[in-house]
Amino acid sequence: MIDYSKGRYTVKDTNGSLIGRIDEDEYVRSGTTLRFRVDGDEFYTLDGVLIGFIRSGIVTTPKGEPRYTIAPE
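Keep in mind the model is a prediction, meaning the values are calculated, not measured.

### Concerning the pattern of salt bridges
Turning to step 1, where the next piece is worked out: Counting across every chain of the model gives 5 salt bridges.
Turning to step 2, where the next piece is worked out: Here Asp23 and Arg8 are joined by a salt bridge, their closest N and O atoms 3.2 Å apart. Of the two residues, Asp23 is situated in strand E2 (residues 18-23) and Arg8 in strand E1 (residues 8-13); the sequence distance between them amounts to 15 residues.
Turning to step 3, where the next piece is worked out: The class of Asp23 is partly exposed, set by a relative accessible area of 39%.
Turning to step 4, where the next piece is worked out: Assessed through its relative accessible area of 44%, Arg8 is described here as partly exposed.
Turning to step 5, where the next piece is worked out: Between Glu73 and Arg8 there is a salt bridge, and its shortest N-O distance comes to 3.4 Å. Placement of the pair is Glu73 in the segment after strand E8 (66-72) and Arg8 in strand E1, with a sequence separation of 65 residues.
Turning to step 6, where the next piece is worked out: One continuous salt-bridge network, built from bridges that share partners, spans Arg8, Arg21, Asp23 and Glu73.

### What to know about the pairing of E2
Turning to step 1, where the next piece is worked out: Pairing geometry for E1 and E2, over 5 bridges, is antiparallel. Each bridged residue has a counterpart across the sheet, and for Val11 the counterpart in E2 is Gly20.
Turning to step 2, where the next piece is worked out: Hairpin geometry of E1 and E2 is characterised by an intervening segment of 4 residues between the two adjacent antiparallel strands and by a positive phi of about 90° at Gly16.
Turning to step 3, where the next piece is worked out: Taking the residues that link successive antiparallel strands as the turn, the E2-strand E3 (residues 27-30) hairpin has 3 residues, and the phi of Glu24 there is positive, at about 60°.

### A word on the packing of aromatic side chains
Turning to step 1, where the next piece is worked out: Overall, the coordinates contain 4 aromatic pairs when judged by the stated rule.
Turning to step 2, where the next piece is worked out: Here the aromatic rings of Tyr4 and Tyr9 are separated by 4.9 Å at their centres, their planes lie at 70°, and the arrangement is edge-to-face. For the pair shown, Tyr4 and Tyr9 are each scored as buried.
Turning to step 3, where the next piece is worked out: A ring pair is formed by Phe43 and Tyr68, whose centres lie 5.5 Å apart and whose planes are at 35°; its orientation type is tilted. Linking Phe43 in strand E5 (residues 42-45) with Tyr68 in strand E8, this pair joins segments that are 25 residues apart in sequence.
Turning to step 4, where the next piece is worked out: In this structure Phe43 comes out as buried when scored by relative accessible area, which is 0%.
Turning to step 5, where the next piece is worked out: Looking at Tyr68, the relative accessible area reads 11%, which means it is buried.
Turning to step 6, where the next piece is worked out: Every member of this aromatic cluster is reached through a ring pair, and the members are Phe36, Phe43 and Tyr68.
Turning to step 7, where the next piece is worked out: It is Arg37 that lies over the ring of Tyr44; its NZ or CZ is 4.7 Å from the centre.

About the thresholds
Residues numbered from 1 in each chain as written. Predicted model: local features only at pLDDT ≥ 70, side-chain atom pairs only at ≥ 80, totals over all residues. Heavy atoms only, no water. Salt bridge = Lys/Arg side-chain N within 4 Å of Asp/Glu carboxyl O. Helix = DSSP H or I, 4+ residues; strand = E, 2+ residues; numbered from the N terminus. Buried < 20%, exposed > 50% of the residue type's maximum accessible area, 1.4 Å probe, protein only. Pairing = 2+ DSSP bridges. Phe/Tyr/Trp six-rings, centres within 6.5 Å; stacked < 30°, edge-to-face > 60°. Lys NZ or Arg CZ within 6 Å of the ring centre and 35° of its normal.

Without other data, these values stay purely geometric and don't point to any function.
Written out as structure tokens, the structure is:
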């Protein structure tokens, strides 16, 4: 499992549009705005709602639908 809090990553939607960045912590930011939180291999809203699971850099819903990609900068 990759520890996303230990590096810099870009987060994009399935169309390739930039959603935000992870910058050596557990949050996805768009500029200064926090968008999502990463906890291990789980991906959450800021309200704590589980969006999905990260596997090989792809965030998929609990039903297996791809939502986002995470790649090193």
